[in-house]
Amino acid sequence: MSLSEIAKGISPSPTLALNEKFAILREKGDPVIHLGGGEPKSKAPMEAIMATVAHLNTGEIRYAPADGTREMKQAVIRYTEEYYGRKVQPENVMISSGAKQALMVAMQAILNPQEEILFPAPYWVSYPEMPKLAGAIGIPVYPEDGSFYPRLQDFEQRVWPYTKAIILNSPNNPSGVIYSKEFVAEVVEFCEKKNLYLIMDDIYHRLVFEGNKAANAYEFAKDHSENSKLIIINGVSKQYAMTGFRIGWAVASKKLIETMTNIQGHQTSGPSILLQKAAVGAMNGIQSGVENLRMTLENNRNIMIDYLKSFEGVHVTVPQGTFYCLADFSNYMKDSSKLSNFLIDKVQVLTMPGVEFGMEGHLRLSYCGSIKDITEGIERMKWALDLNSPNELYIGDRKLVRDWT
Ligand SMILES: Cc1ncc(COP(=O)(O)O)c(C=O)c1O
């Protein structure tokens, strides 16, 4: 079949593929545990549901403006003032179908073919693929000290005339680490000096633990003019447990938002009016759900980390936010895809191979599920990997017998 070179270069989403595998095993009735998920289990806020139903009941479900509804933009303006301390105008805001679309449209608006966009490793699986859709190139930058904490010099060494932008995601998917204020300040200053775009993917910024705070890039920006190349991406998916509503946004200079709106207008038009109503409901409603989710995640993280520490061969950097931790299992198996498949096949626990996030030898484990799934999932993993554990394991009334060494 004749396909475009760009299309042929795009890899399938590994996370979506593993989700499908999980669904098939579940359907078969297998007692599979999902430690790979990227969405909270809590329900969407009541205000989101009520706002959607109220609008649905009007029976008049029309197109929304290409850059989002006025009320949704107002909700983002209020949000930006409250959480970033920055006043922006409606012309600085574009609403998209998820943060994913906001990121993609931003890249299409700023990247020429062959230009490069840098991001720290480990990275979210879509960062290397999205620039390809714009004919551009995503370049992971590995912290020289082998940690999950990048330093400015790691980036300085990689910047050349083809570099157009840097993306930071903090707290970070997949590692859960929060980049220090000093680092974010340095990157903001560096991008302003080098005339680079800086995209802050803040999708997890309220899901932080132990009083830690994700740095607010506006705080360090010197250029607050309409020439600013700072782009803030956020959305309702994670913080409000509204992944299926597909609403995210970008805040940037008027010129860039105008250009992004032109692109989005031809691609998809504005996101569904119903789903924007839902997002406005959530953002203007009672915020206790976000705090409940944050506390649940912190508690789940503590449980997961305690269990992981009981493994002899696992090294883990304690996450400071998100739903994820990226643990080093290379003492057991160097190839993370093989290890992930081994764990599904032997003990029916689904994990995400670190190689997909640029970190071979690691597994991304999610703690957004139930405590039962976390504890049972990790116990099964331990049984499979620790050859000193008993030869048999019961999952319900199924007996597993170790047939590997
Ligand atoms: C780092 C990061 N950015 C963006 C997104 C996309 O979020 P949305 O559901 O709003 O498209 C995700 C979702 O997994 C993510 O992990």
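Criteria and thresholds
- Residues numbered from 1 in each chain as written.
- Predicted model: local features only at pLDDT ≥ 70, side-chain atom pairs only at ≥ 80, totals over all residues.
- Helix = DSSP H or I, 4+ residues; strand = E, 2+ residues; numbered from the N terminus.
- Rg over C-alpha atoms; globule rule 2.2 N^0.38 Å.
- Buried ≥ 20, exposed ≤ 12 C-beta atoms within 10 Å, placed from the backbone.
- Contact = placed C-beta atoms within 7 Å.
- Near = placed C-beta within 6 Å.
- Nonpolar A, V, L, I, M, F, W, Y, C, P; charged D, E, K, R; others polar.
- Core = buried A, V, L, I, M, F, W, Y, C linked by C-beta atoms within 7 Å.
- Domains from an automatic or database assignment.
- Pairing = 2+ DSSP bridges.
- Axes fitted to C-alpha atoms, helices over the stretch in contact; angles between N-to-C directions.
- Expected span 1.5 Å × (residues − 1).
- Arc of directions from axis to C-beta.
- Parallel < 35°, antiparallel > 145°, perpendicular 65-115°, else oblique.
- Left-handed = near helix turned anticlockwise from the far one by under 90°.

> Which residues make up the overall build of the chain, and what are the values?
The number of helices and strands found in the chain is 13 helices and 15 strands. The C-alpha atoms of the chain give a radius of gyration of 22 Å, which matches the 22 Å a tight globule of 405 residues would have. With respect to the three principal axes, the spread of C-alpha positions in the chain is 65 × 55 × 55 Å. Taking all 405 residues of the chain together, the buried fraction comes to 45%. Contacts in the chain between residues at least 24 apart in sequence constitute 73% of all its contacts with a sequence separation of at least 6.

> Explain the site of the ligand to me, and be specific about the residues and the numbers.
Not every one of the 13 residues close to the ligand is listed here, only the nearest: Gly 98, Ala 99, Lys 100, Gly 235 and Ser 237. At 3 residues, the largest contribution of residues to the shell around the ligand is made by helix α5 (residues 98-110). Of the residues contributing to the shell around the ligand, the split by class is 3 nonpolar, 8 polar and 2 charged.

> Tell me about unusual backbone geometry, and please be specific about residues and values.
Across the junction of Ala 121 and Pro 122, the peptide omega takes the value 0°, indicating a cis bond. In this structure, Pro 122 sits in the loop between β3 (116-120) and α6 (126-133). Of note, the bond from Ser 170 into Pro 171 is cis; its omega dihedral lies within 30 degrees of zero at 0°. If you trace the backbone, Pro 171 turns up in the loop between β5 (163-169) and α8 (181-194).

> Describe the nonpolar core, with residues and values.
Ranked by internal contacts, the top residues of the largest apolar core, which has 111 residues, are Ala 106, Leu 198, Ile 231, Ala 250 and Ala 279. For this core, the element with the most residues is α5, which contributes 9 residues. Residue assignment places this core across two domains, with domain 1 (5-43 + 288-401) and domain 2 (46-284) each supplying three or more. Ignoring any residue separated from it by four or fewer positions in sequence, one finds Ile 231 in contact with Ala 106, Tyr 197, Leu 198, Ile 199, Ala 250, Ala 252 and Leu 256.

> Tell me about the sheet that holds strand β4 (residues 137-141), residues and numbers included.
Hydrogen bonding along the main chain pairs the strands of a sheet, whether they run parallel or antiparallel. Sheet architecture is open: 7 strands sit in the order β2-β8-β7-β6-β5-β3-β4, paired in mixed fashion. Of all the strands in the sheet, just β2 (93-96) and β4 have a single pairing partner and so form its edges. Along the sheet, successive strands turn relative to each other by an average axial angle of 20°, direction set aside. Direction of pairing for strand β6 (residues 197-201) relative to strand β7 (residues 230-235): parallel, over a ladder of 4 bridges. Pairing of Leu 198 across the sheet is with Leu 230, part of β7.

> For the pairing of strand β14 (residues 392-395), give the residues involved together with the corresponding values.
Here is the key point about a regular strand: its side chains alternate between the two faces of the sheet. Taken together, the 4 bridges between β14 and strand β15 (residues 398-401) define a ladder with antiparallel strand orientation. Residue pairing for β15: Tyr 394 is matched across the bridge by Lys 399. As consecutive antiparallel partners, β14 and β15 are separated by 2 residues, and within that stretch Gly 396 has a phi angle of approximately 60°, a positive value.

> Go over the sheet that holds strand β12 (residues 352-353), please, and point to the residues and values.
Read across the sheet, 4 strands follow the order β9-β10-β13-β12 without closing on themselves; strand pairing throughout is antiparallel. Every other strand in the sheet has two partners, leaving β9 (315-316) and β12 as the edge strands with one partner each.

> With reference to specific residues and values, describe helix α4 (residues 70-84).
Here α4 contains 15 residues, and its C-alpha end-to-end distance of 20 Å stays within 8% of the 21 Å for a straight helix at 1.5 Å per residue. Every buried residue of α4 is accounted for by Met 72, Lys 73, Ala 75, Val 76 and Thr 80. Buried residues of α4 fall within an arc of 155° about the axis and therefore sit on the same side. Facing away from the buried surface of α4 by more than 90 degrees, the exposed residues are Arg 70, Arg 78, Glu 81 and Glu 82. Looking at the buried positions of α4, the neighbouring elements they touch are β2, β8 (248-251) and α10 (273-284). Residue Gly 85 follows α4 closely and has a positive phi angle near 65°.

> So what about the environment of Lys 87? Which residues, and what values?
Residue placement: Lys 87 occurs in the loop between α4 and β2. Assessed through the 9 C-beta atoms surrounding it within 10 Å, Lys 87 is described here as exposed. Separated by 84 residues in sequence, Lys 87 and Leu 3 place their C-alpha atoms 45 Å apart.

> An account of the domain arrangement of the chain is needed here, citing residue identities and associated values.
When the domains of the chain are assigned, the result is domain 1 (5-43 + 288-401) and domain 2 (46-284). Relative placement of domain 1 and domain 2: their C-alpha centres are 27 Å apart. Taken together, the contacts link 31 residues of domain 1 with 30 residues of domain 2. In terms of residue count, helix α11 (residues 288-309) provides more of the side of domain 1 that touches domain 2 than any other element does, 7 residues in total.

> Got a sec to walk through the packing of α5 against α6? Specific residues and values, please.
Two elements in contact, α5 and α6, have axes whose closest approach is 9 Å; the angle formed by their N-to-C orientations is 45°. Of the possible angle classes, the one that applies to α5 and α6 is oblique. Helix-helix and strand crossings are classified by hand; for α5 and α6 the assignment is right-handed. Mapping the contact onto sequence places Lys 100, Leu 103, Met 104 and Met 107 in α5 and Ser 126, Met 130, Pro 131 and Leu 133 in α6. For the contact of α5 with α6, the class distribution of residues is 6 nonpolar, 1 polar and 1 charged.

> Pulling in residues and values, what's your account of α10?
Taking 1.5 Å per residue as the helical rise, α10 with its 12 residues ought to reach 16 Å, and the 16 Å between its terminal C-alpha atoms agrees with that figure. A large share of α10 lies buried, amounting to 10 of its 12 residues. Within the sequence span of α10, burial applies to Ile 273, Leu 275, Gln 276, Lys 277, Ala 278, Ala 279, Val 280, Gly 281, Ala 282 and Met 283.

> Could you give an account of the environment of Asp 403, with specific residues and numbers?
You can see Asp 403 is positioned in the segment after β15. C-alpha separation for the pair Asp 403 and Lys 346, spaced 57 residues apart in sequence, amounts to 9.4 Å.

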